[in-house]
Amino acid sequence: MFVSGASCYLKTLPSRVWGKVSYHGLLASSKPLGARDAPRVRGSVRGSVRGYRNTGKPLHPGPGQAAHGRVMDLRSDTVTKPGPAMRRAMAEAEVGDDVMGEDPSVNELVQIAADMFRMEAALFVPSGTMSNLIAVMVHCRERGDEMIVGDLSHVHIFEQGGSAQLAGVHATTATTLPDGSFDLDQLDSKIRHGYPDAHYPRTRLICVENTHNIKGGRVLPLTFLQEVRALADRFGLSVHMDGARVMNAAVALGVPPSTILQHTHTVSVCLSKGLGAPVGTILAGPRDFISQAVRCRKALGGGMRQAGILAAAGKLALLEMVERLEEDHRNAKTFAQALLDCDPPLFAVDLAAVETNILRFHLQEPSLSPAEFCDRMGQVCEGEEAALGQGIQVLMYPYFGNSVRAVWHLGISPEDTQLAVQKMQFVASQFLNENVRAQ
């Protein structure tokens, strides 16, 4: 169910929303998995939008093959697993029928979220994709309405065109700038002013993404958000934020999430990425918006019954797992710096653009493709155990724009990051030596 925010609940929270964080035992240990627990990323993947998640079947050690080496999974922050404390909270959660509004754990979770985000109400839904789709359905009230999205936004590229496919909503795009924002003049030019002229759709919604996935976890500037909201207000439009990683943005800026979200009407916040819950997303906004969102969630099959088992993990994620995101940001920057320190230079990375837990980098040697680099990083290479003292497998994705993406999370410690650096240096040295021998 959904509930509206109430200031009384804030009295039970720490003086700062993220306060002093104690997360020991909440999530799975940061010790790397055994090799049999992690897939190898093979070289068949192409570094493009189409190839982003098309990694084929994971390969595991077969019969008679040794499972050896340390494994660091940097493919996504969705790979985290609940640890003992979170599992215990899930097992002991008080539950009811959430479709009937009677699950106390879900009700408590959405109350926490509404208060934290300074929104009137909130709703627990199974996924970020469904949450964004619900937001589009509610904001764009008639089939044929239009939303403005970034041309490199997750909503536009990675959610199967659900707004058109299921909601009948047309999307027009604004060019995504390097920091994830738009040119405000271009955004203004995309707004339709001809309604009710029968030739045109009616502009209803502007969608922003924070942090920006494809742009490497970039944090949207607060001034940009303020200007977008002012533009939307001028023309009677709504602003929805795909805030799957907005808590990373808040930590990077050193502000509570409400400072960011005051410039939006609604937000979708994922609990199962850096915050470590196994399932779920919060959709928050005005009370009447959430009332309509409940109906859309039901129509999309997202109404869950005894969902308190999942909501219990979500509560720990919001209350205990936010401030530790800073460690992920530091680890990503550490690895980025190591890429830059490689001599001779093999990698291109903009260190100033590494703001949160996502790192995108390019290879400067044309003969080493992102797919081959990921393949080398993901397997134990010949001579590696002798050189490094152990086998190290680092899983990454070839990514958009012929780049490589790596994402840090609570399963990757600073020590794991140093091992990943050692593996990268070994792979780079091995490749360069092969090139010298081939000449």
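Here, every reference points to the structure presented above.
About the thresholds
Residues numbered from 1 in each chain as written. Predicted model: local features only at pLDDT ≥ 70, side-chain atom pairs only at ≥ 80, totals over all residues. Heavy atoms only, no water. Helix = DSSP H or I, 4+ residues; strand = E, 2+ residues; numbered from the N terminus. Buried < 20%, exposed > 50% of the residue type's maximum accessible area, 1.4 Å probe, protein only. Contact = heavy atoms within 4.5 Å. Axes fitted to C-alpha atoms, helices over the stretch in contact; angles between N-to-C directions. Parallel < 35°, antiparallel > 145°, perpendicular 65-115°, else oblique. Left-handed = near helix turned anticlockwise from the far one by under 90°. Nonpolar A, V, L, I, M, F, W, Y, C, P; charged D, E, K, R; others polar. Pairing = 2+ DSSP bridges. Polar contact = N/O pair within 3.5 Å; in protein donor to acceptor, adjacent residues only side chain to side chain. Core = buried A, V, L, I, M, F, W, Y, C linked by side-chain atoms within 4.5 Å. Right-handed = clockwise from strand over helix to strand, strands pointing away. Salt bridge = Lys/Arg side-chain N within 4 Å of Asp/Glu carboxyl O.

J.: Outline the overall build of the chain, listing residues and values.
T.: Broken down by element type, the chain carries 16 helices and 14 strands. Within the span of the chain, comprising 439 residues, buried residues form 55% of the whole. Sequence separation of at least 24 residues holds for 78% of the intrachain contacts in the chain that already meet a minimum separation of 6.

J.: Lay out the packing of helix α4 (residues 128-139) against helix α11 (residues 287-299) in plain terms, naming residues and giving numbers.
T.: Two elements in contact, α4 and α11, have axes separated by 9 Å at closest approach and are oriented at 120°. By the angle between their axes, α4 is oblique relative to α11. Relative to α11, α4 is oriented so that their crossing is right-handed. Contacts between α4 and α11 pair M130, I134, A135, M137, V138 and H139 from the former with F289, Q292, A293, C296 and R297 from the latter. Across the contact of α4 with α11, the residue classes tally to 8 nonpolar, 2 polar and 1 charged.

J.: Pulling in residues and values, what's your account of helix α9 (residues 246-253)?
T.: Along α9, 6 of the 8 residues are buried, which leaves the element largely enclosed by surrounding structure. Residues of α9 that are buried: V246, M247, N248, A249, A250 and V251. Its buried side turned inward, α9 meets α3 (104-117), β7 (238-242), α10 (257-261), β8 (266-270) and α13 (325-341). After α9 finishes, the residue G254 shows a positive phi value of roughly 70°.

J.: An account of the packing of helix α2 (residues 84-91) against helix α12 (residues 308-320) is needed here, citing residue identities and associated values.
T.: Taken N-terminus to C-terminus, the directions of α2 and α12 make an angle of 140°; their axes are 7 Å apart at the nearest point. Accordingly, the angle class assigned to the pair α2 and α12 is oblique. α2 and α12 meet at a crossing whose hand is right-handed. Contacts between α2 and α12 involve A85, M86, A89 and M90 on the former and, on the latter, I309, L310, A312, A313, L316 and A317. Residue composition of the contact of α2 with α12, grouped by class: 10 nonpolar, no polar and no charged.

J.: Residues and numbers for the sheet that holds strand β11 (residues 358-363), please.
T.: Within the open sheet, the 4 strands sit side by side as β10-β11-β14-β13. Their pairing is antiparallel. A strand with exactly one partner marks an edge of an open sheet, and here the two such strands are β10 (347-348) and β13 (397-399). Bridging between β11 and strand β14 (residues 403-407) involves 4 bridges; their strand directions are antiparallel. Residue pairing in the sheet places I358 in a bridge with V407 of β14.

J.: I'd like to hear about the side chain of T281, residue by residue, with values.
T.: Secondary-structure assignment places T281 in strand β9 (residues 281-285). A relative accessible area of 1% means that T281 is categorised as buried. Engagement of the side chain of T281 in a polar contact is seen with the backbone nitrogen of G128, the distance being 3.1 Å. Apart from residues no more than four positions distant in its own chain, T281 is found in contact with L123, F124, V125, P126, S127, G128, S131, S268, V269, C270 and L271.

J.: Let's hear about the nonpolar core: which residues, and what values?
T.: One recurring pattern in soluble globular proteins: nonpolar side chains tend to sit buried together. F117, F124, M247, I260, L275, I282 and L318 are the most contacted members of the largest nonpolar core, which has 57 residues in total. With residues up to four places along the chain from it excluded, the contact list for L275 reads M247, C270, A317, L318, M321, V322 and L325. Formed by 33 residues, the second largest nonpolar core is a distinct cluster that contains L74, F335, A338 and L363.

J.: Which residues make up the pairing of strand β6 (residues 203-209), and what values do they have?
T.: Counting buried positions along β6 gives 7 out of 7 residues, so the element sits mostly inside the fold. Taken together, the 5 bridges between β6 and β7 define a ladder with parallel strand orientation. Residue V208 lies in a different strand from β7, and its bridge partner there is M241. Note on the crossover from β6 through helix α8 (residues 222-234) to β7: the handedness is right-handed.

J.: Pulling in residues and values, what's your account of unusual backbone geometry?
T.: Leaving glycine out, the prevailing phi sign among residues is negative, and the prevailing peptide bond configuration is trans. The omega torsion across Y195 and P196 is 10°, close enough to zero to call that bond cis. Structurally, the position occupied by P196 is in the loop between α7 (184-190) and β6. In the segment running from N210 into T211, the intervening peptide bond is cis, with an omega of 0°. Along the polypeptide, T211 turns up in the loop between β6 and α8. For R118, which is not glycine, the phi torsion reads 55° and is therefore positive.

J.: I'd like to hear about the pattern of salt bridges, residue by residue, with values.
T.: When the charged atoms of two side chains with opposite charge come close together, those side chains can pair. If you walk through the whole model with that rule in mind, you get 18 salt bridges. A salt bridge links E372 to R376; its shortest N-O distance comes to 3.0 Å. On the criterion of helical spacing, the pair formed by E372 and R376 is a turn pair, its members being 4 residues apart in helix α14 (residues 370-377). R376 sits in the buried class, given a relative accessible area of 12%. In this structure, E434 engages R376 in a salt bridge whose closest nitrogen and oxygen atoms are separated by 2.8 Å. Pair noted here: E434 is in helix α16 (residues 414-438) and R376 is in helix α14, with a separation of 58 residues, a long-range link. Of the residues examined, E434 reaches a relative accessible area of 29% and is grouped as partly exposed. Members of the salt-bridge network, linked through shared partners, are E142, D145 and R204.

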